[in-house]
Amino acid sequence: MFREITQSDFELFWPTFSSVIQAQETYAFDPSMTLEQAYHLWCETPLKTYVFVENDVVLGSYFIKPNGMGPSQHICNCGYMVADKARGKGIARKMCEHSQQQALLLGFEAMQFNSVVSTNDVAVQLWQKLGFNIIGTIPRAYKHGKLGYVDSYVMHKQLRT
């Protein structure tokens with residue numbers, strides 16, 4: 001069900017990606033980003049990018065990359081997106097669990113999400129259920145497409161002690 005993403009996978013996933021960034025509710029990506037720009041950001045810049053596939057349909061994708069360089073490269077960062085038709089089916093949970101396994105295999109010791117939009121209750125609650133803690137709040141860090149300025153959370157989980 002998981003595999004490393006290909007360009008054709010991303011092209012199939014593009015409608016989901018585009019819809020998510022245009023909504024301006026969860027990701028601080030330019031809503032007018034092109035497919036080529038998005039592919040570079042989501043698939044070429046990270047260390048690895050995966051898709052969750054079921055019956056040849058891409059239902060979700062995530063990337064994993066170092067959160068910092070040099071002395072901070074032991075902490076990774078991930079981003080997750082799930083297709084509308086697949087929401088509420090546990091795919092984000094599966095992707096986060098898979099990403100933690102991959103993080104350990106890649107030598108990371110912790111995972112940090114730098115900007116979880118506070119109004120994204122589903123994500124915040126899921127990350128907390130999976131052992132992530134809110135370690136900071138950034139006031140008015142995100143200009144939500146419907147709600148205006150809202151806070152963002154920094155969330156962290158130690159993967160290896």
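Everything numeric here is computed off the predicted structure, so don't read it as measured data.

Draft legend 1. Representation of the overall build of the protein in the model. Counting secondary structure elements, the protein contains four helices and seven strands. The N-to-C order of helical and strand elements in the protein reads β-α-α-β-β-β-α-β-α-β-β. What you see for the protein is a C-alpha radius of gyration of 15 Å, in line with the 15 Å of a compact globule of 161 residues. Projected onto its principal axes, the C-alpha coordinates of the protein cover approximately 40 × 35 × 30 Å. Counting only residues that meet the buried cut, the protein has 45% of its 161 residues in that class. Looking at the protein alone, contacts between residues at least 24 apart form 59% of all its contacts between residues at least 6 apart. Of the roughly 8,600 Å² of accessible surface on the protein, a fraction of 50% belongs to carbon and sulfur atoms. Distance from the positive charge centre (14 side chains) to the negative charge centre (14 side chains) of the protein: 7 Å.

Draft legend 2. The pattern of salt bridges, seen in detail. This model, assessed by the stated rule, comprises five salt bridges. Residue glutamate 25 pairs with lysine 146 through a salt bridge whose shortest N-O separation is 3.1 Å. Of this pair, glutamate 25 sits in the loop between α1 (7-23) and α2 (35-44) while lysine 146 is found in the loop between β6 (133-144) and β7 (148-158), placing the two residues 121 residues apart along the sequence. The residue arginine 93 makes a salt bridge to glutamate 97 at a minimum N-O spacing of 3.6 Å. Here arginine 93 pairs with glutamate 97, and both are found in helix α3 (residues 91-105), just four residues apart, close to one helical turn. Residue arginine 93 is classed as partly exposed on the basis of its relative accessible area, which comes to 32%.

Draft legend 3. Structural view of the packing of aromatic side chains. Under the definition given, this model contains 19 aromatic pairs. Relative to tryptophan 42, the ring of tyrosine 27 has its centre 5.9 Å away and its plane inclined at 70°; by these criteria the two rings are edge-to-face. In this pair, tyrosine 27 sits in the loop between α1 and α2 while tryptophan 42 sits in helix α2, placing the two residues 15 residues apart along the sequence. The same class applies to tyrosine 27 and to tryptophan 42, which are both buried.

Draft legend 4. View of α3. The first and last C-alpha atoms of α3 sit 21 Å apart over 15 residues, in line with the 21 Å expected at 1.5 Å per residue. Inspection of α3 places Ile91, Met95, Cys96, His98, Ser99, Gln100, Gln102 and Ala103 among the buried residues, and these make up the whole buried set. Looking one or two residues past α3, glycine 107 carries a phi angle of roughly 95°, positive in sign.

Draft legend 5. Inspection of unusual backbone geometry at higher detail. The backbone of glutamine 24 sits at a positive phi, close to 55°, despite the residue not being glycine. Tracing the backbone shows glutamine 24 in the loop between α1 and α2. In this structure glutamine 24 comes out as partly exposed when scored by relative accessible area, which is 32%. Although it is not a glycine, asparagine 55 sits at a positive phi angle of roughly 55°. Looking at the secondary structure, you find asparagine 55 in the loop between β2 (48-54) and β3 (57-66).

Reading guide: rules and limits
Residues numbered from 1 in each chain as written. Predicted model: local features only at pLDDT ≥ 70, side-chain atom pairs only at ≥ 80, totals over all residues. Heavy atoms only, no water. Helix = DSSP H or I, 4+ residues; strand = E, 2+ residues; numbered from the N terminus. Rg over C-alpha atoms; globule rule 2.2 N^0.38 Å. Buried < 20%, exposed > 50% of the residue type's maximum accessible area, 1.4 Å probe, protein only. Contact = heavy atoms within 4.5 Å. Areas by Shrake-Rupley, 256 points an atom, 1.4 Å probe, with all protein chains shown as cover. Lys, Arg positive; Asp, Glu negative; His and termini not counted. Charge placed at Lys NZ, Arg CZ, Asp CG, Glu CD. Salt bridge = Lys/Arg side-chain N within 4 Å of Asp/Glu carboxyl O. Phe/Tyr/Trp six-rings, centres within 6.5 Å; stacked < 30°, edge-to-face > 60°. Expected span 1.5 Å × (residues − 1).

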